[in-house]
Every structure is written in structure tokens, then in C-alpha cells.
Amino acid sequence: MLKRTFEEMSIDKLEQLIHDSVAEGSCFGGDAVLVMMEVLDEKKRRADCAEAFDVDAMWSRFCADYLPGAESGSIYGDDLVMPAEPPRRRRRGFSVAFRAASIALVLGVLLTAVVSTTAYARGFDLWGVVARWTEEQFGFEREVESLEHLGGGRVADGVYSSIDDALTAYGIDESLMPSLPEDYALSRLTVTETAERLGFIAEYTDAPRVITVSIARHGDGSDAFATHEKDAGEVVIHRAGGIEHYVMTNLDNTIITWINGSFECSVRGEFSVSDAEEMIDSIYERQGR
Amino acid sequence: MNDAERSFVEQLYMRLAGMMMATALHELGDEQLAEEAVQDTFRILCSKVAEVMKHPNPAGWVVTTLMNTIRKIPQQRGRTESMLVRFRSEQLTRASSAASAEDELDPDVKYADLADDDDYILLKRFSAAQCTIVEFAKELGISVDACGKRLQRARKKLRKYFEENA
């Protein structure tokens, strides 16, 4: 069903979706991108605009140049992270083994609902999901491995005029959407739905700057969380609404990400960390939608 | 790799490499770099072939690895350049401080080991050359594997220098 959905898209649209998934890491995972690539390849062949690569010659070059010593992995070294490898913890001495104590601590935090800002590297267990980060990446992961895969799905592009409308259409009433700086206007909104994940991605533009808001509802046991590229700056944790929100930077961009129940949310754009904290607070101050 | 593993890799290669090249080229904008991203992805596959053969969707695994590789290559290059610029800037600052100081302290004593290090010099040349690792390896007449390892070693030494001199 996912393939049929992609087959209805134009070449440009497919290339955009692949780009969003590769560059942003926040759209589709490898399984779905593979389907997109196959559909795109077929469309380009039919339209006679497929790029021609001599795969046989590439294979010969691979065997001659890249295969020797391949047991050591990437020629770029350990900096390149493989799929399904958990990111390494940033600071030594930290252990996630104290699951029960972590859960008790988190529940305590939720009960007190203190809004504060701290900066430290730790992961803790929240609804079975742990936050982990290194100098270069941030991600949520579920402690128990899941082997579920994408199957079937649909995409709605440009159907809704706001994320709030889209959330309402899907019966979602949790406070998830922050207020954005005034001059930004919605330029694109895509809803994607598969057996395991319902995703909303919206771009707000104040040319040339763009803020991207991503909200994903994960199915039970799903571990298809996004990985965010970050620079070596500190991850700031800002608490609001009883939830810890992680704020980090990647060069000129600031990224906010958090988990609210089964929802994984992120906001990315060129704004300051203090703007980020205001946006976070606004999520829980908004009165209805 | 044994024959079965090699056959497994080759089948995936023949099925996916063309599409992966199209995607990598679209993202990286350079055909040589795109091919390096694809080749490095399959090199990573070879290093983990036994476990990927048991994966429910090996082709999906390969595409996920490609996506990670495409993201990481330009980022790593950018970081390397930043480190080199920073190191060079610190060298120049120290050298000019020493030149104006009455005591003839040798400012490069602390950094001489790294500044004269063969791997570091190689990394500087690679960064200046703005080419792929395979192109650079051929220019030097060494294997891609050896070239990659020397560059990794140099980056580690730079990172260690900054940690020790923070």
C-alpha cells in the first residue's frame, strides 16, 4: 500500500521526500526510503530520464579499492554510526542500569511539574524510552528491540491548513504544538500514516528562514525514533508541562525534541536557545486549538 | 568473507547501487563523492555481513546506512577543516607571541610533535585537496584502507591535542 501511495507521487515529490528523510532524518526510515527509491527509479526509466551509472564498473572498483580491509568498517572511521547501534553516552560514569530509580525520579518530576533549565548529559527511562546523546547525535530509543517494519501507509499532502487542524482530524488533543515567532507562515504540511507510525511534518517560512515542526505518534513497541545531528554544544533540558524537552544546536540551527506519551516531537530552525524555551513554555500555555 | 557472504553482498550491490548513486548524487552534488558514499556503505555492509544476512530487510538496512553516510561525510569534512584551521591559528598565535617575547621560549615545542606528524600533514593535504579518499589514496600510491586509517589517526590526534590543551 505504501508503494501504491508513492506511485501516485510525481518524480519531484518523491525526490523531495527522499531528501527530507536523508537530510533531516525526520521523515521516513530506510525501509520506506528503499520503496521510494525503487518507485522513483521506475518512474525515471519510464520517463526516460534515469541517470545511467555503470554498476558493473562500480562493482569492479569496489572489489579493487574498498573491499580490502573492509572488516574494519567505514573508511571514515567510527564517526559514521551504523543503523541499530545505540549512540555512545557522552559522559563517563553514567549508567542507565538503575531503571527503577530512574522511573521513580521521573514520576517525582512529573508530580512536582517544576519548570527549570539544566544542562547535563544523562538518559532516563520514560514510558520505556531512553534519551541518549553523544557529541554528534541525539536520539530516543526503546530499551527493548523491536523487529517491526513498515507495511502499508498513506500520505496526505496539503490537505490541512494547520497542524492543529490535522491533529484534530486524527482525534489528537494533546498539547503538542508550540507557538512560533510571528513572521513565520505555514508553507508545507504533510501527514504520513503507516501501520506503526502517524507523522505530521510542517514547514513554517519567514524567507529565507524555515522552522520545521515534526510530530510523530509511534505504535506500541515501535523504536523508529528520529536521530538528530548536533554539534558538540551542551544539550539543555527544559522542563515544562511535566515533560523534559531537550534543546541542542547543530551549527546555525537549534533543535528542540521531546517525548509526550506515544508522541515524538521536534522543532528545528534558526532561533536562540531562549526562544526555544519560550516556544516550549507556549505549548502548555495555549488554551485550546 | 566467505563465498556465500560475498554473493550476498554482490546481489545487494547489483540491485541497489544504481539507485543509491542517484540518491547520493542528488544529496552530495558530486559524482565522485556520491560514489564514495555508496562504496563506503557497502564496505560497512561487508564488516557486518554475518548479522545483516539475518536481518529481516537487508536492503532496508543498506539504505539506512547510506542515509547515515550521506549525512556524516560532509559533516566530518567540515569538522576536520575547523580543527585544522583552529590548530593552525593557535600555532601562529603562539609563534608571534614568542617572537615578541624577550625570553626565547620555543612556542612550537608543545605542538611540534603534532605539527611534524606525518598523519597530520597528510590530513592537511587531504583537506586542501578537496577530493575523495580513493582519489587521494591513488595520488599517494597507497591503499584506500591505509589512507582512511591514517586520516582517522590524524583526526584522533587533533581531537586529543584540543582535549589536552583546552
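Caption draft 1: Structural context of the confidence of the model for chain A. Residue and element names in this part refer to chain A. Averaged over all residues, the pLDDT of chain A is 74; the fraction at 70 or higher stands at 67%. Across residues 80-127, where pLDDT falls below 50, the model places 97 contacts with residues more than four positions away in sequence or in other chains. Segment residues 143-153 is flagged for pLDDT under 50; beyond a separation of four residues in sequence, or across chains, it makes 31 contacts in the model.

Caption draft 2: Region of the structure containing the packing of aromatic side chains. What the rule picks out here adds up to 10 aromatic pairs over all chains. Relative to F42(B), the ring of F62(A) has its centre 6.4 Å away and its plane inclined at 75°; by these criteria the two rings are edge-to-face. With F62(A) in helix α4 (residues 55-66) and F42(B) in helix α2 (residues 31-47), this residue pair bridges two chains. By relative accessible area, F42(B) is classed as buried at 0%.

Caption draft 3: Structural detail: the interface of chain B and chain A. Residue-level contacts link 61 residues of chain B with 49 residues of chain A. Of the roughly 5,000 Å² buried where chain B meets chain A, counting both sides, 62% is carbon and sulfur surface. Sorting the residues of chain B by area buried against chain A places R43(B), R71(B) and K72(B) first, and these three jointly supply 13% of that buried surface. Our count for the chain B to chain A interface comes out at 3 salt bridges.

Caption draft 4: Main features of the nonpolar core. The biggest cluster of nonpolar side chains holds 76 residues, and the ones touching the most others in it are F6(A), M36(A), L16(B), V38(B), F42(B), L45(B) and L158(B). Considering each element in turn, this core owes the most residues, 12 residues, to helix α1 (residues 3-28) of chain B. If sequence neighbours within four positions are ignored, F42(B) has contacts with F62(A), V9(B), L12(B), Y13(B), L16(B), A17(B), M20(B) and V62(B).

Caption draft 5: Molecular detail of the packing of helix α7 (residues 133-140) of chain B against helix α8 (residues 144-164) of chain B. Residues and elements named next belong to chain B. The interhelical angle for the contact between α7 and α8, taken along N-to-C directions, is 105°, at an axis separation of 9 Å. With respect to each other, α7 and α8 are oriented roughly perpendicular. Side by side, α7 and α8 meet where I133, V134, F136 and A137 of the first sit next to V144, C147, G148 and L151 of the second. Residue composition of the contact of α7 with α8, grouped by class: 7 nonpolar, 1 polar and no charged.

Caption draft 6: Seen up close, the packing of helix α6 (residues 118-129) of chain B against α7(B). Residues and elements named next belong to chain B. Contact geometry for α6 and α7: axes closest at 11 Å, N-to-C directions at 120°. What the angle tells us is that α6 and α7 run oblique. Crossing hand, α6 versus α7: right-handed. Across the interface between the two elements, L122, R125 and F126 of α6 pack against I133, F136, E139 and L140 of α7.

Caption draft 7: Layout of the side chain of T65(B). In this fold, T65(B) is placed in helix α4 (residues 58-100). Of the polar contacts made by the side chain of T65(B), one reaches the backbone oxygen of W61(B); its length is 2.9 Å.

Each value, and the rule that gives it
- Residues numbered from 1 in each chain as written.
- Chains lettered and ligands numbered in written order.
- Predicted model: local features only at pLDDT ≥ 70, side-chain atom pairs only at ≥ 80, totals over all residues.
- Heavy atoms only, no water.
- pLDDT = per-residue confidence, 0-100.
- Contact = heavy atoms within 4.5 Å.
- Phe/Tyr/Trp six-rings, centres within 6.5 Å; stacked < 30°, edge-to-face > 60°.
- Helix = DSSP H or I, 4+ residues; strand = E, 2+ residues; numbered from the N terminus.
- Buried < 20%, exposed > 50% of the residue type's maximum accessible area, 1.4 Å probe, protein only.
- Buried area = accessible area lost by both parts, 1.4 Å probe.
- Salt bridge = Lys/Arg side-chain N within 4 Å of Asp/Glu carboxyl O.
- Core = buried A, V, L, I, M, F, W, Y, C linked by side-chain atoms within 4.5 Å.
- Axes fitted to C-alpha atoms, helices over the stretch in contact; angles between N-to-C directions.
- Parallel < 35°, antiparallel > 145°, perpendicular 65-115°, else oblique.
- Nonpolar A, V, L, I, M, F, W, Y, C, P; charged D, E, K, R; others polar.
- Left-handed = near helix turned anticlockwise from the far one by under 90°.
- Polar contact = N/O pair within 3.5 Å; in protein donor to acceptor, adjacent residues only side chain to side chain.

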